[in-house]
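Spelled out from the first residue to the last, the chains are:
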Amino acid sequence: MTADRTKILRRIEIDRVSIGMYLEDVFDKDGVLLLSANAAIQSEEQITRLRARGVYSVYINIRKGKDIDLEEEAPDPVSVERERAYYEELARARVVHQNTIISAKEALQAARAGRPFSINRTRKTAEEIVESILRNPDALVSLSQIKGYDEYTFTHSVNVGILVTSLAREMGYEGEQLVSIGLGGLLHDIGKMRVPENVLNKPGRYTDVEFRVMKRHPDHGLAIVGERSGIAPLTKKVIGQHHERYDGSGYPKGLIGDRIDEAGVIGAVADVYDALTSDRVYRSAWTPQKALATIFQGCDRDYSRRVVELFTRHLGIYPVGSFVKLQSGEMGVVIRVSRGNLLAPIVLILFDKTGKRITEPLEMNLAEYEGTPSESAYRIEMSLNPKAFRVNIADYIQDKATGGIA
Ligand SMILES: [Fe+2]
Ligand SMILES: [Fe+2]
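Conventions and cut-offs
Residues numbered from 1 in each chain as written. Chains lettered and ligands numbered in written order. Predicted model: local features only at pLDDT ≥ 70, side-chain atom pairs only at ≥ 80, totals over all residues. Helix = DSSP H or I, 4+ residues; strand = E, 2+ residues; numbered from the N terminus. Rg over C-alpha atoms; globule rule 2.2 N^0.38 Å. Contact = placed C-beta atoms within 7 Å. Pairing = 2+ DSSP bridges. Core = buried A, V, L, I, M, F, W, Y, C linked by C-beta atoms within 7 Å. Buried ≥ 20, exposed ≤ 12 C-beta atoms within 10 Å, placed from the backbone. Domains from an automatic or database assignment. Axes fitted to C-alpha atoms, helices over the stretch in contact; angles between N-to-C directions. Left-handed = near helix turned anticlockwise from the far one by under 90°. Nonpolar A, V, L, I, M, F, W, Y, C, P; charged D, E, K, R; others polar. Expected span 1.5 Å × (residues − 1). pLDDT = per-residue confidence, 0-100. Parallel < 35°, antiparallel > 145°, perpendicular 65-115°, else oblique.

Counting its secondary structure elements, the protein chain contains 14 helices and 11 strands. Here the protein chain has a C-alpha radius of gyration of 24 Å; the compact-globule value for 406 residues is 22 Å, and the two agree. Considered along the principal axes of its C-alpha atoms, the protein chain spans approximately 75 × 35 × 35 Å. In the protein chain, the share of contacts with a sequence separation of at least 24, taken over all contacts with a separation of at least 6, comes to 65%.

Turning our attention to the pairing of strand 5 (residues 323-326). Remark: a regular strand shows side chains that alternate across the two faces of the sheet. By the bridge criterion, 4 bridges tie strand 5 to strand 9 (residues 380-384) in an arrangement that is antiparallel. Bridged to Phe323 within strand 9 is Leu384. Sheet topology note: the strand 5/strand 6 (residues 331-338) ladder contains 3 bridges and is antiparallel. Within strand 6, the residue paired with Lys325 across the bridge is Met331. Taken together, strand 5 and the strand that follows it, strand 6, pair antiparallel across an intervening segment of 4 residues, in which Gly329 is found at a positive phi of about 105 degrees.

All right, on to the nonpolar core then. One finds Leu140, Val164, Ile181, Ile266, Val269, Val333 and Val347 to be the most contacted residues of the largest nonpolar core, which totals 82 residues. Inspection of this core shows a minimum of three residues originating in each of domain 2 (77-315) and domain 3 (323-405). Among residues more than four places away in sequence, those in contact with Val333 are Gly321, Phe323, Val347, Leu348, Leu350, Val391, Ile393 and Tyr396. In terms of nonpolar packing, the next biggest core, distinct from the first, is built from 13 residues, Leu9, Val17, Ile41 and Leu50 among them.

What follows deals with the packing of helix 5 (residues 137-144) against helix 6 (residues 152-170). Where helix 5 contacts helix 6, the two axes come as close as 9 Å, and the packing angle between them is 150 degrees. Handedness of the crossing formed by helix 5 with helix 6: left-handed. In this structure, helix 5 uses Pro137, Leu140, Val141 and Ser144 to contact helix 6, whose residues at the interface are Asn159, Ile162, Leu163, Ser166 and Arg169. Split by residue class, the contact of helix 5 with helix 6 holds 5 nonpolar, 3 polar and 1 charged.

For the rest of this paragraph, the subject is the domain arrangement of the protein chain. Partitioning the protein chain into domains gives domain 1 (9-68), domain 2 (77-315) and domain 3 (323-405). Placing the centre of domain 1 and that of domain 3 at their C-alpha centroids yields a distance of 23 Å.

The next thing to look at is helix 7 (residues 175-186). Here helix 7 is 12 residues long and its end C-alpha atoms lie 17 Å apart, about the 16 Å a rise of 1.5 Å per residue gives. For helix 7, the buried fraction is high: 9 of the 12 residues fall into the buried class. Of all the residues in helix 7, the buried ones are Leu178, Val179, Ser180, Ile181, Gly182, Leu183, Gly184, Gly185 and Leu186.

What follows concerns the environment of Arg16. Turning to its location among the elements, Arg16 is positioned in the loop between strand 1 (9-13) and strand 2 (26-27). For the pair Arg16 and Asp189, spaced 173 residues apart in sequence, the C-alpha to C-alpha distance is 52 Å.

We now examine unusual backbone geometry. Tyr251 connects to Pro252 through a cis peptide bond whose omega is 5 degrees. In this structure, Asp300 takes a positive phi of about 65 degrees despite not being glycine. Its location among the elements puts Asp300 in the loop between helix 13 (288-297) and helix 14 (305-315). Classification of Asp300 as exposed rests on a count of 11 C-beta atoms within 10 Å. The backbone of Arg390 sits at a positive phi, close to 55 degrees, despite the residue not being glycine. Its place among the elements puts Arg390 in the loop between strand 9 and strand 10 (398-399).

Taking 1.5 Å of rise per residue, the 15 residues of helix 12 (residues 262-276) would be expected to cover 21 Å, and the 21 Å separating its terminal C-alpha atoms lies within 8% of that figure. The element helix 12 is extensively covered by neighbouring structure, given that 11 of its 15 residues are classed as buried. Those residues of helix 12 lying buried are Ala263, Gly264, Val265, Ile266, Gly267, Ala268, Val269, Ala270, Asp271, Tyr273 and Asp274. Those residues of helix 12 that are buried are in contact with helix 6, helix 7, helix 11 (233-241), helix 13 and helix 14.

Before going further, it helps to examine the environment of Gly240. Following the sequence through the fold, Gly240 ends up in helix 11. Among the residues examined, Gly240 registers 26 C-beta atoms within 10 Å and is labelled buried. As for Gly240 and Thr207, which are separated by 33 residues in sequence, their C-alpha atoms are 23 Å apart. For Gly240, the contacting residues outside a window of four places in its chain are Pro218 and Leu222.

What follows deals with the environment of Cys299. Here Cys299 shows up in the loop between helix 13 and helix 14. With near-sequence residues (within four places) excluded, Cys299 lies in contact with Arg305 and Val308.

Mean pLDDT for the protein chain: 86, with 91% of residues reaching 70 or above. Under a pLDDT of 50 for its full length, residues 1-5 has, in the predicted model, 7 contacts with residues more than four places off or in other chains. In this model residues 400-406 is a low-confidence stretch, pLDDT under 50, and it forms 21 contacts with partners more than four residues away in sequence or in other chains.

Okay, the packing of helix 6 against helix 12 next. For any two helices packed against each other, one specifies the crossing angle of their axes together with the interaxial distance. Two numbers describe how helix 6 lies on helix 12: the axes approach to 9 Å, and their chain directions differ by 135 degrees. When the axes of helix 6 and helix 12 are compared, the pair comes out oblique. Crossing hand, helix 6 versus helix 12: right-handed. Along the contact surface, helix 6 presents His156, Asn159, Val160, Leu163, Val164, Leu167 and Ala168, while helix 12 presents Ile266, Gly267, Ala270, Asp271, Tyr273, Asp274 and Ala275.

Here's what the structure looks like:
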């Protein structure tokens, strides 16, 4: 499905219809067609006529015509501003995302071949990530939820780079510190390039010997970047400590509690989240909900609670890009999350109550149903794996301004 063929529908009350909006077919209660979907509303009379025929609400196609006034829709100026910044940033974030993939790939492939690579170029990418996240964190983070466009190790490195940067920013890191942590995220698994490929890509369980080989990758990573000058301590903490665990059960050093640097914990949480939500040779991707719940269970055992709590709050329970099922049975993709209301995001409905795929996706703001009789039907019941329903999430993370596709 392409953006051009995708309708984005919004249900609104008749009183909010204005000239320039494209309405879907409108019928009266007897099923008589009052207005067909082919033209925009051109006069107030058309609206009055619909109202007179007992029409209370209609669907508008906001991809084709005018939308409702969002300022009026969401009186909270912070969320309006954030939504605007998100759509503005999405186009730029896409470029940053592409550049990051190229530079991470370059670094990792060079390390695999034992060739030198330009760490300055990788650092430049980390700077671009920081800049994008400072303009608006949601754009790049939502792109990091789209998986499977390249070999796992490359996309995983990019996603961890993005997630550590946005989480660190949420935790109050600034400027150079953010760049250093982000660089650590991008290069956290570079040491895996020294692990033999038959071990690295082994589909089954590791033998003890293989696991011992694998566990050396943080130290290999430190050795690779340690050969360079000017690598910040925070970068090294992410690379060297992202497999350490709060109770000392991690590797390579088995550090306990506060002996693990906060940057190491940030790296660990981002690493595990991205690994669990990606398809692997030995299992398919977990839903964000399941991954977050699992990480949460590891509070005070695997990771410090503070970092986990901030991460969950940061991503939302149902992050952008989650595929969810509502209590009503309808299913769709989370396309926007409101910070103040993590349980009621905006969902693009793709399947109707009977589980049938619908041809015209319908945008539904679950928050609008709160306090109404339909509230319980429009609550999220669970998140599901989109692949099982042949849904490609990338088709739905869209740039409102241009109608492009991520
Ligand atoms: Fe790792
Ligand atoms: Fe990793």
